[in-house]
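# Chain and residue survey
This is what each chain is made of:
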Amino acid sequence: MVKDLISITQLTKDHINQIIDYAKDYKNRYHNGETKFSDLRGKSVLLPFFESSTRTRTSFELAGKLLSADTINISGSSSSTTKGETLFDTIKTIEAMQSDFIVIRHSMSGAAYQVAKHVKSHVINAGDGQNEHPSQALLDTFTILEHKGSLEGLKIAIIGDILHSRVARSDIKIFKKLGAEVTICGPLTLIPRHVESLNIDYFTTDVEDAIKDKDVVIFLRMQLERQKKVFFSTLNEYSIKYGLNQKRVDMLKDDCLIMHPGPVNRGVEMQSELVYGSRSVILEQVENGLFTRMAIYKFLLNN
Amino acid sequence: MDLILIKNGHVIDPENNINDKFDILIEKGNIRRIDKNIEPFSGCEVIDADEMIVSPSFTDIHVHLRDPGQTYKEDIRTGSMAAVAGGYTTVVCMPNTLPALDDASLIRYVIEKGEEVGLCRVLPAGAITKGRRGKELTEMALLKDAGAVYFTDDGAPVMDSHVMRKATEYAGSIGSFVADHCEDLSLSENGVAHEGEIAAALGLPPLPPEAEDTMVARDCIIAIHTGMPVHICHVSTKVAVEVITWAKAMGAEVTAEVTPHHLSLSDAEWLDFDCKAKVSPPLREEEDIEAVRWALSSGIIDFVATDHAPHAHHEKMLEHHACPPGMIGLQFALPIVLELVKKDYFDMKRAIEVLSTAPARKIGIQPPSIVEGRKAELTIFNPTESWEVNEESILSKSKNTPLLGRKLIGKVKYTFYDGKIVYKG
């Protein structure tokens, strides 16, 4: 029984395939003109987002609405504790409002895990601190599968701020689980000290080395405020040393996919004209995110 | 009861080189006779200590009793109850109270409150700096006259090296010493868990060991140059152990303590993301645990101190960054040290030394001792009895420990203080 989606770790290959199958099905039906589904009729989806987010929240909210659920956004800062209310209290309050699903984003690693332990509602982790972002990993996988058919033996590189990235932690877990080979790359100051604990295959600080012979390259968003904390020097240097430019695109395999969880800092992670370039599947990721999130609701409800 | 006979206990007193089976007769609180096979007689209460160990009571020079100001976490009465249940009869409480113990009147308050409770000796450590703000020295000499046994800003490090140097010199010159919570805040900022594999895998904000190691090195160097004593609180890393080894070899008067949790628990306690594992310094990894165990065995680390740090349930429910660090420890030190005896890190005599005589000597009190003529101040424990850590068995007001629900081996059966039985378990 899978009540919640907290971490990629909890999913078996069968679970992942099931979710991807649901996502494919929704996508096909949607493109064949079916724009409203009734799988979640009468269900409520509450979306407490303690960290700002546009795309993930909109995607989860729209996914719920397409499935006929009642969705309610709850915005809050992580500083609710300053009012003396713990995260636990906030969530118990939300549960008492009879939520069937709680989709939570929070700046604390483990927040969704902690919440799920205390409530009966299905809890979906929409990003917890620097720990995990499982729906992003599932939509990335869906997108890769659409192009490549399988992840078995694929070579995937993830480039950027690995240290602070929940996307990287979830992506690595799902890619490894499905048989891919994972390389990570970034300035050493943005790589966890015990990088081996991430179960990756290769690590390099040389981006051209990292992207060579890869089937998929994923560029992570650079958090601009990290500069103040001395994690890197300037965006200019970062973009020159780690960003994607035409020269580096020319070094890629012909069928290599370029991905980014968004939003892109144009001119930092990649040159502006490459964002929606021919090998970029960034907008497909966004679209697939919607169907993947619909699939996640259905999976948790049926499981 | 005027007469108490402790029969068949294995008496271990490192001070007097006793390590054998003896009977002990206590009359009106004084140890009257220590001998092989004293026959019980009428009117005499007999404690059967067969298979048990009788040792001088323990001293913990690092506890947080939260009084004044945070008595919802702990107070001097509940802290004393937990202490004697752990076999302790002397505890030194930290000055990070509200207000901080930076004034002679506050030092007197703690001592008098401890005497009023009367279960054990409660001695305060005074703050190094006013308000523990790290800027101006407290009136250390006056605090010492009032009864402060040493000086520390514990919970906060003395970040300013000039202040640390002057504090070391001044405390040393009045026959006392400073103890430092070694943590370079510029390195540890916002950290939650030890920067090891667990923090990397779980995305927990990391606390690098450098934060502790560099500060230990600074303090050791200050001890070398000033020629004055410095005590390093709660050592937790293998590099800090190496630095202390080096400083001692240089002839510095450096002493060090280690907590039961750093001797036994690792950062794996974070796997369920629960703040019960949050403590400062953080729970480290296996290599560090191994290093502090051997250092305690060899004497590089001088003794055990619990850093007993009670926090209320609702505080430990807060988010990682807001949750206060710390865990309770007074009742767990003995079983954790006994486990190290069982695993052959050191023998039972060393175990008693690190819990009892060594810390007592450090703060300049006469270590409790099992000799005829002295007031009974001893602990009788069963080294093989198992007990469960739970809400009932914990006598502290707060129950914050990762050990909740686990079984420990080694149980205090009696604690004597000032000739009286203050705990019976």
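What counts and what doesn't
- Residues numbered from 1 in each chain as written.
- Chains lettered and ligands numbered in written order.
- Predicted model: local features only at pLDDT ≥ 70, side-chain atom pairs only at ≥ 80, totals over all residues.
- Heavy atoms only, no water.
- Helix = DSSP H or I, 4+ residues; strand = E, 2+ residues; numbered from the N terminus.
- Rg over C-alpha atoms; globule rule 2.2 N^0.38 Å.
- Buried < 20%, exposed > 50% of the residue type's maximum accessible area, 1.4 Å probe, protein only.
- Contact = heavy atoms within 4.5 Å.
- Lys, Arg positive; Asp, Glu negative; His and termini not counted.
- Charge placed at Lys NZ, Arg CZ, Asp CG, Glu CD.
- Areas by Shrake-Rupley, 256 points an atom, 1.4 Å probe, with all protein chains shown as cover.
- Phe/Tyr/Trp six-rings, centres within 6.5 Å; stacked < 30°, edge-to-face > 60°.
- Lys NZ or Arg CZ within 6 Å of the ring centre and 35° of its normal.
- Pairing = 2+ DSSP bridges.
- Axes fitted to C-alpha atoms, helices over the stretch in contact; angles between N-to-C directions.
- Buried area = accessible area lost by both parts, 1.4 Å probe.
- Salt bridge = Lys/Arg side-chain N within 4 Å of Asp/Glu carboxyl O.
- Polar contact = N/O pair within 3.5 Å; in protein donor to acceptor, adjacent residues only side chain to side chain.
- Domains from an automatic or database assignment.
- Nonpolar A, V, L, I, M, F, W, Y, C, P; charged D, E, K, R; others polar.
- Parallel < 35°, antiparallel > 145°, perpendicular 65-115°, else oblique.
- Left-handed = near helix turned anticlockwise from the far one by under 90°.

A few words on the overall build of chain A. On a plain count of helices and strands, chain A comes out with ten helices and nine strands. Rg of the C-alpha trace for chain A: 19 Å, near the compact-globule value of 19 Å for 303 residues, within the 12% margin. Projected onto its principal axes, the C-alpha positions of chain A cover 55 × 50 × 30 Å. Taken across its 303 residues, chain A has 58% of its residues classed as buried. Excluding contacts between residues fewer than 6 apart, the proportion of contacts in chain A whose partners are at least 24 apart in sequence is 73%. Charge centroids of chain A, computed over 38 positive and 37 negative side chains, lie 3 Å from each other.

With that out of the way, let us pick up the overall build of chain B. Per the secondary structure count, chain B includes 13 helices and 18 strands. The contacts of chain B with a sequence gap of at least 6 include a subset with a gap of at least 24, amounting to 74%. Of the roughly 15100 Å² of accessible surface on chain B, a fraction of 51% belongs to carbon and sulfur atoms. The positive charge centre, built from 43 side chains, and the negative charge centre, built from 65, are 4 Å apart in chain B.

A separate point is the packing of aromatic side chains. Tallied over the entire structure, the rule returns twelve aromatic pairs over all chains. Centre to centre, the rings of A:Y238 and A:Y242 are 5.4 Å apart; their planes meet at 25 degrees, and the pair counts as stacked. Of this pair, A:Y238 and A:Y242 both sit in helix α8 (residues 235-242), four residues apart, which is roughly one turn of that helix. Accessibility expressed as a relative area gives 10% for A:Y242, which makes it buried. Among the aromatic residues, ring-to-ring pairing joins A:F60, A:F101 and A:Y297 into one connected group. Above the ring of A:F60, the side-chain terminus of A:R293 is found at 4.9 Å from the ring centroid. Note that B:K36 overlies the ring of B:F22, its terminal NZ or CZ placed 4.9 Å from the centroid.

With that settled, the discussion passes to the sheet that holds strand β7 (residues 202-204) of chain A. All names here are of chain A. Within the open sheet, the five strands sit side by side as β7-β6-β5-β8-β9. Their pairing is parallel. Looking at which strands have only one partner, the edges of the open sheet turn out to be β7 and β9 (257-259). Across the sheet, the mean angle separating the axes of adjacent strands is 20 degrees when strand polarity is ignored. In terms of strand pairing, strand β5 (residues 155-159) meets strand β8 (residues 216-219) through four bridges, oriented parallel. By the bridge assignment for β8, I158 is matched with I218. Seen against the sheet, helix α6 (residues 166-177) touches β5, β6 (181-185) and β8 and runs at an angle of roughly 175 degrees to β5.

Our focus in this paragraph is the interface of chain B and chain A. In this assembly, 22 residues from chain B lie in contact with 23 residues from chain A. Interface area, chain B with chain A, both sides summed: about 1900 Å², of which 54% is carbon and sulfur. Between A:R193 and B:E210 there is a salt bridge; the shortest N-O distance is 2.3 Å. Where chain B meets chain A, there are nine residue pairs in polar contact (both at pLDDT 80 or more). Within the residue set of the side of chain B that touches chain A, elements represented by two or more residues are α6 (197-202) and α7 (209-226) of chain B.

Residues and elements named next belong to chain A. Split into domains, chain A comes out as domain 1 (8-133 + 286-302) and domain 2 (134-285). Computed over C-alpha atoms only, the centres of domain 1 and domain 2 are separated by 25 Å. Counting residues at the interface gives 31 residues for domain 1 and 29 residues for domain 2. Contact between domain 1 and domain 2 buries roughly 2600 Å² in total, counting both sides, with carbon and sulfur atoms accounting for 59%. For the domain 1 face of the interface with domain 2, the top three residues by lost area are I8, Q130 and H133, together amounting to 27%. In this structure, K27 and E146 form a salt bridge, with 2.9 Å as the shortest nitrogen-oxygen distance.

So, on to the domain arrangement of chain B. Residues and elements named next belong to chain B. What the domain assignment lists for chain B is domain 1 (3-54 + 374-387 + 409-424) and domain 2 (57-362). One C-alpha centre belongs to domain 1, the other to domain 2; they are set 30 Å apart. On the side of domain 2, 25 residues touch domain 1, which itself brings 20 residues to the contact. For the pair domain 1 and domain 2, the two sides together bury roughly 1900 Å², of which 67% comes from carbon and sulfur. At the boundary of domain 1 with domain 2, the tally comes to two salt bridges. Between E377 and R121 there is a salt bridge, with its nearest N and O atoms 2.9 Å apart. At the boundary of domain 1 and domain 2, one finds nine residue pairs in polar contact (both at pLDDT 80 or more). Every element with two or more residues in the side of domain 1 that touches domain 2 is listed here: β16 (378-388), β17 (407-417) and β18 (420-424). In terms of residue class, the side of domain 1 that touches domain 2 is made up of 13 nonpolar, five polar and two charged.

Residues and elements named next belong to chain A. One way to put it is that helix α1 (residues 13-31) packs onto helix α10 (residues 282-302) with a least axis distance of 8 Å and a crossing angle of 125 degrees. Viewed along their axes, α1 and α10 adopt a mutual orientation that is oblique. The chirality of how α1 crosses α10 is right-handed. In this structure, α1 contributes H15, Q18, I19, Y22, A23, Y26, K27, Y30 and H31 to the contact, and α10 contributes E287, N288, F291, T292, M294, A295, I296, K298, F299 and N302.

Counting across every chain of the model gives 43 salt bridges over all chains. Each member of the salt-bridge network shares a partner with another, and the members are A:D25, A:R29 and A:E34.

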